[in-house]
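# Observations on the model geometry
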Amino acid sequence: MMPDTQTRLVGVIGWPIEHSLSPAMQNAALREMGLNWTYLAFAVEPERVGDAVAGARGLGLVGLNVTIPHKAAVIEHLDEIDESVEALGVANTIVRTPEGRLLGHNTDGAGFLRSLAEHGHSVGGRAVAVIGAGGSARSIAWACARDGASSVAIINRTVEKAEEVADLVRATTPLAAVSVAPLEGREAQEAVSGADVVIDCTSVGMYPKHEVAPVVPGEWLREGQVVADLTYNPIETVLLQAARRAGAQSVDGAGMLVHQGAISLQYWSGQEPPVETMRAALLGALGARK
Ligand code: NAP
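Thresholds, definitions, all that
- Numbering of residues begins from 1 in every chain and follows the order in which that chain's sequence is written.
- For this predicted model, a pLDDT threshold of at least 70 governs which residues receive local features, and a threshold of 80 or more governs which side-chain atom pairs are given and counted, while totals over whole chains, interfaces and linings are taken from all residues.
- Processing note: side-chain calculations cover all non-hydrogen atoms of the structure and skip hydrogens and water entirely.
- Only strands that DSSP links by at least two bridges are regarded as paired with each other.
- Segments assigned H or I by DSSP are reported as helices when at least four residues long, segments assigned E as strands when at least two residues long, and all are numbered from the N terminus.
- Every angle, taken between N-to-C directions, lies between 0 and 180 degrees, and every axis is a line fitted to C-alpha atoms, over only the stretch in contact when it is a helix.
- Every residue pair with non-hydrogen atoms within 4.5 Å of one another is taken to be in contact.
- The disulfide definition used here is simple: a pair of cysteine sulfur atoms within 2.5 Å.
- Only one rule defines a salt bridge in this text: a Lys or Arg side-chain nitrogen within 4 Å of an Asp or Glu carboxyl oxygen.
- In this analysis, the protein atoms alone were mapped onto a 1 Å grid. Cavities are point sets where a 1.4 Å probe fits without being able to get out; pockets are open sets with protein on both sides within 12 Å along at least five of seven lines; lining residues have an atom within 4 Å of a point.
- Grid points are joined across faces, edges and corners, and a volume is the space filled by probe spheres set on the points.

Strand order in the open sheet formed by six strands is E9-E8-E7-E10-E11-E12, and the pairing between neighbours is parallel. The outermost strands of the open sheet, each flanked by one partner alone, are strand E9 (178-182) and strand E12 (249-251). Looking at each pair of strands side by side, their axes are set apart by 20° on average, direction ignored. Pairing geometry for strand E11 (residues 226-229) and E12, over three bridges, is parallel. The residue of E12 that forms the bridge with Ala 228 is Val 251. Across the sheet, helix H6 (residues 159-172) is in contact with strand E8 (151-156) and E9; its angle to E9 comes to roughly 175°.

Using the criterion set out here, one finds zero disulfides in the structure. In this structure Cys 144 is not part of a disulfide, and its nearest cysteine sulfur, from Cys 201, lies 8.0 Å away.

Let's shift gears to the pattern of salt bridges. One side chain can pair with another of opposite charge once the charged atoms of both are near each other. Scanning the entire structure with this criterion turns up 10 salt bridges. Close ionic contact of Asp 79 with Arg 57 constitutes a salt bridge, the shortest N to O distance being 2.9 Å. In this pair, Asp 79 sits in the loop between strand E3 (63-66) and strand E4 (80-81) while Arg 57 sits in helix H2 (residues 49-59), placing the two residues 22 residues apart along the sequence. With a closest N to O distance of 3.3 Å, Asp 108 and Lys 71 form a salt bridge.

Following the criterion strictly, the structure yields one cavity of 30 Å³ or more and no others. When its volume is computed, the largest cavity comes out at roughly 30 Å³. Taken together, Ala 56, Leu 61, Val 62, Gly 63, Leu 64, Ile 94, Arg 96 and Leu 102 make up the lining of the largest cavity. At the level of elements, E3 and strand E5 (93-96) are the ones that each hand at least two residues to the lining of the largest cavity.

Right, let's talk about the sheet that holds strand E2 (residues 37-43) for a bit. Taking strand neighbours across the sheet as the criterion, the six strands line up as E2-E1-E3-E5-E6-E4 in an open arrangement whose pairing is mixed. At either end of the open sheet lies a strand with only one pairing partner, and these are E2 and E4. As paired strands, E5 and strand E6 (residues 102-105) are joined by four bridges and run antiparallel to one another. Counted as the bridge partner of Arg 96 is Leu 102 from E6. Sheet strands touched by H2: E3, E5 and E6. Its angle to E5, the strand with the most contacts, is close to 30°. The strands touched by helix H9 (residues 254-269) within the sheet are strand E1 (8-14), E2, E3, E5 and E6, with E5 carrying the most contacts at an inclination of about 10°.

As structure tokens, this is what we get:
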């Protein structure tokens, strides 16, 4: 529908932002939901984050998604943050209430858990191995611990960063069974092979460096495991290929991307978003990139 005097604005801020897949995914959903809203991508320089949030407040935007490098910097400009933002120190969604208050949420971990659930899996009572200790690994490790995993092992090339994530999880969730291992070696192998759910939160295998060895050897994977990769380009990464060969069940990264966006849209609209339409739009936009 053509913008008119009733059209409301929502969008994403980041720097750079031109590669964002969110406008394609969110506008497809808005069309299907019949909402007279437009979702735009805003390139916001790091020193302009406060101005951008003030602008959103003043113009009455429905809300914003927030991506790299602004996820931590936006927080001081918000009126309220939820428990996930409090624990993780990063927000990816801002919701404007009818009274004009700005609330910060982080939908990454919940998006990942919904993606697992749509494949029929959960982390409740299960041993989880998280590979990586960057921004996404923090959200995922925290969400798994919060959602009742029996243990979480954090495995990273730089072990000091894994220690930091483990400390955060221990300090902000009731889970005590949180361990750390360097990526290479016996401890990592035992943690990965012994896990029920293995989640790759590294960028290893991401296009254009997609023809590499998986972040953990395929021999460490086994039948009956769930192996998830956050990387979504390509959809079937080298790790998921190895998982398939090992007889494990795989979960690709596109589902998390769709669901974290769907949860944001649910916050903004109060309605159930059309997840399949969002997925089709995302896959279409990804395909058009190559
Ligand atoms: P990040 O903060 O930069 O962290 C990158 C992680 O990858 C670090 O743990 C790093 O280890 C590790 N790593 C990088 N290259 C490596 C290599 N050659 N060998 C071993 N480890 C390596 O990145 P992020 O934001 O967490 O994102 C990670 C991946 O998740 C990306 O592919 C991103 O696209 C994807 N992602 C997907 C979604 C989704 O919705 N599906 C959401 C967020 C992120 P060191 O600490 O040792 O450097």
